[in-house]
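These are the residues of each chain, in order.
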Amino acid sequence: MMAATVREMEWEMIPRDVPILLCRTPAGFPSPAQDDMEEPIDIGAWLIEKPAASYLMRVDGHSMTGAGIHDGDLIVVSRAETPRAGRIVVALVHGDRTLKRLARLDGRLWLVPEAEGYPHIIVDEHVEIWGVVTALARRFL
Amino acid sequence: MGRGDSACPALPVSAPIALQDANNFYVSCERAFDSSLRGVPAIVLSNNDGCAIARSAEAKALGIKMGDPLHLIRDKVQKHGIAVRSSNYALYADMQRRILAAIEPLVRDVEIYSIDENFLDLEGFEDRDLVAHCQEIRARVEQWTTIPSCVGIGATKTLAKLGNAAAKKNPLFDGVADMRDDRVRRWVMDRFAVGDVWGVGSATAARLDELGIRTAGQLADMQMKAARGLGTVVLERLVAELNGVRASAVELVAPQRKGMAVTRSFGKPVTDMETLMGAVAQYAMRAGEKLRQHGLVAARLTVFFHTNRHKTGAPQYAASRTMALHPMTADSFELIAAARRGVERSWRDGFAYSKAGVMLDDLLSADKRPRTLFEDDQAHAKRDRLLGALDDINGRFGKFTAVPGVQGFERNWRLRSERKSPAWTTRIDEVPRVRAG
């Protein structure tokens, strides 16, 4: 029978003077950057915090230009965030997807555009808040 | 399994298992981004727009059955305005990924059973109210993905699966049925037929019927010896599982694949050998990918192609050639070569071929593969890396992005999928549009 015991060891018990080989060093000059290697920046990961609950959508129209969201912009819509007054949301109004800011006016919730000439929509049984806009992406070229 | 030699073995206390199963998954995925499909009867068609493979509750209520060919239900579709979609696997796979991500933090482990069914290991969660916990899982999945699902909880997979069926069938369960609860279990067992028990085929159900065993409960009460006498190991294990004893009936119900096939109908008939070769090579490629995914090798490959049997006036020909693969392999290049030889030997001019396929059988786990003399391990390793890279590219950028040269690049024989929704979540040019107006 073979037997083995595993005992916890105090740090002090590890001999200090024994060099520990941590990585294979090729003969030649070691890269001075080896310890500082990092992944390149992933803008997608930064824009989309919860990918499993987030959906990309393309903006069609000008009613949110006051909020800095323009026609053709790409937005990140999260279903993990709670729709609260003050947040920009994607809502289904009679089944149509629309982009508005959720606002509380006179004690009621409204979908409010941020440009002149677009109507407010009261949140009633025909409105379903689909997700909360968490980020925006736009390319100039 | 057994826990000692006590004369009267108690029911083993095993950690609970749950089965989470999305409701009408494909239709629910389609509805996530197309609200015109909500509340109306809707179906999703199989590859090549052949048959209904997913039906909304409304479509089921209209009598549309699983697998109904579209051409047989056209009248119903028109009369009731049933919405019809081609299958959109890019979308379904992405939604599955999201569902898994939603579930994973809430369970110990997930075992994917199919694209819309997941077994959840709830070990370590026993001290909680598991019905409430599974309600939370359902709510999280629906919140993140819009996709509704039901959950069955049980001591074994078979019980969890049965519980899931009950939760789907009866709204009283509110989506979660806990088969560990004696009242629930008895209620379900008395109401579900043996044929509804996972793994009981119609032949077995008929034989059980002769013995007067008609409900799941009666099956659970069956003597193990009698179950064995009926001829199948699966049945014996199912009886054990229905009694809360894990007997890995599941592995027997879905064994390591004995054989697999990649077959498809052509969007338009194929009349020349090169086009057929291209299609067949692509199927062989895909079959190899599947083999490697499951860590299997095959000993035999069959390639077949035939004319449209329903066109009775047209000249008919059906070819099928089986090639031995020696040594056993999962190498797409070798599979393609074998498939090509098969086509060359059986090709006949002058016919309009409507369907072709590649089948593999005599499958074996790759590590049990008999090794042949003179195997060049280094060449093997190199080939494995190349195939791995191919799978990787095809997985990441879409099927058949990278293909060996012989596969042919013209794909005019491709599938019909005329009513396919956009790749809403996987292609930046096809993401949903939202009106700012």
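Just above sits the structure.
Residues numbered from 1 in each chain as written. Chains lettered and ligands numbered in written order. Predicted model: local features only at pLDDT ≥ 70, side-chain atom pairs only at ≥ 80, totals over all residues. Heavy atoms only, no water.

Asks: What is the right way to look at the overall build of chain A in this model?
Replies: Across its full length, chain A carries 1 helix and 7 strands. Counted from the first residue to the last, chain A has its helices and strands arranged as α-β-β-β-β-β-β-β. The buried share of chain A, reckoned over its 141 residues, is 29%. Looking at chain A alone, contacts between residues at least 24 apart form 51% of all its contacts between residues at least 6 apart. Summed over its atoms, the accessible surface of chain A is roughly 10,600 Å², and 57% of this surface lies on carbon and sulfur atoms. (Helix = DSSP H or I, 4+ residues; strand = E, 2+ residues; numbered from the N terminus. Buried < 20%, exposed > 50% of the residue type's maximum accessible area, 1.4 Å probe, protein only. Contact = heavy atoms within 4.5 Å. Areas by Shrake-Rupley, 256 points an atom, 1.4 Å probe, with all protein chains shown as cover.)

Asks: Help me out: how do you make sense of the packing of aromatic side chains in this one?
Replies: Where two aromatic rings form a pair, the distance of their centres and the angle of their planes describe that pair. For the coordinates displayed, the defined rule picks out 19 aromatic pairs over all chains. Centre to centre, the rings of Trp130(A) and Phe33(B) are 6.0 Å apart; their planes meet at 50°, and the pair counts as tilted. Within this pair, whereas Trp130(A) is found in strand β7 (residues 127-137), its partner Phe33(B) is found in helix α1 (residues 25-33), the two belonging to separate chains. The pair formed by Trp130(A) and Phe33(B) is uniform in burial state, with each residue classed as buried. When the centroid spacing of 5.1 Å and the interplanar angle of 55° are considered together, the rings of Trp347(B) and Tyr353(B) count as tilted. Side by side, Trp347(B) and Tyr353(B) carry an identical accessibility label, which is buried. Through a chain of ring-to-ring contacts, three or more aromatic side chains come together here, namely Phe305(B), Tyr317(B), Trp347(B), Phe351(B) and Tyr353(B). Stacked on the ring of Trp130(A), the Lys or Arg Arg79(A) has its end atom at 4.8 Å from the ring centre. (Phe/Tyr/Trp six-rings, centres within 6.5 Å; stacked < 30°, edge-to-face > 60°. Lys NZ or Arg CZ within 6 Å of the ring centre and 35° of its normal.)

Asks: Before we go on, may I ask you to explain the interface of chain A and chain B in this structure?
Replies: In many reports, interface size means the accessible area that the parts give up when they come together. On the side of chain B, 22 residues touch chain A, which itself brings 29 residues to the contact. With both chains or domains summed, chain A and chain B bury close to 2,200 Å², and 51% of this area falls on carbon and sulfur atoms. Among the residues chain A hides against chain B, the three largest losses belong to Arg58(A), Asp60(A) and Arg97(A). Together they make up 30% of the total. Run the count over chain A and chain B and you get 2 salt bridges. (Buried area = accessible area lost by both parts, 1.4 Å probe. Salt bridge = Lys/Arg side-chain N within 4 Å of Asp/Glu carboxyl O.)

Asks: Is there a simple way to explain the side chain of Ser87(B) in this structure?
Replies: On the secondary structure map, Ser87(B) appears in the loop between β4 (83-85) and α4 (89-103). For Ser87(B), the residues in contact, after removing those within four places along its chain, are Val44(B), Leu45(B), Ser46(B), Asn47(B), Tyr92(B) and Lys420(B).

Asks: What is the right way to look at the environment of Glu136(B) in this model?
Replies: Residue and element names in this part refer to chain B. By the secondary structure assignment, Glu-136 is in helix α5 (residues 130-145). Judged by its relative accessible area of 39%, Glu-136 falls in the partly exposed class. Taking the C-alpha atoms as reference points, Glu-136 and Leu-106, separated by 30 residues in sequence, lie 8.7 Å from one another.

Asks: Looking at this model, I keep getting lost on the sheet that holds β4(B). Mind explaining?
Replies: Paired through their backbone hydrogen bonds, the strands of a sheet run either parallel or antiparallel. Residues and elements named next belong to chain B. Read from one edge of the open sheet, 3 strands run β3-β2-β4, paired in mixed fashion. Both outer strands of the open sheet, β3 (52-55) and β4, are each paired with one neighbouring strand and no more. Neighbour to neighbour, the strand axes of the sheet diverge by 25° on average, direction disregarded. Judged from the 3 bridges that link them, strand β2 (residues 42-45) and β3 form a sheet pairing that is antiparallel. Considered in β3, the bridge of Val-44 is made with Ala-54. (Pairing = 2+ DSSP bridges. Axes fitted to C-alpha atoms, helices over the stretch in contact; angles between N-to-C directions.)

Asks: I would appreciate a short explanation of the packing of α4(B) against α5(B) in the present structure.
Replies: A pair of packed helices is characterised by two quantities: the angle between their axes and the separation of those axes. Residues and elements named next belong to chain B. Two elements in contact, α4 and α5, have axes whose closest approach is 9 Å; the angle formed by their N-to-C orientations is 140°. What the angle tells us is that α4 and α5 run oblique. Our pair here, α4 against α5, has a crossing hand that is right-handed. In this structure, α4 uses Met-95, Arg-98, Ile-99, Ala-101, Ala-102 and Ile-103 to contact α5, whose residues at the interface are Ile-137, Arg-140, Val-141, Trp-144 and Thr-145. (Parallel < 35°, antiparallel > 145°, perpendicular 65-115°, else oblique. Left-handed = near helix turned anticlockwise from the far one by under 90°.)

Structural measurements only, silent on function.
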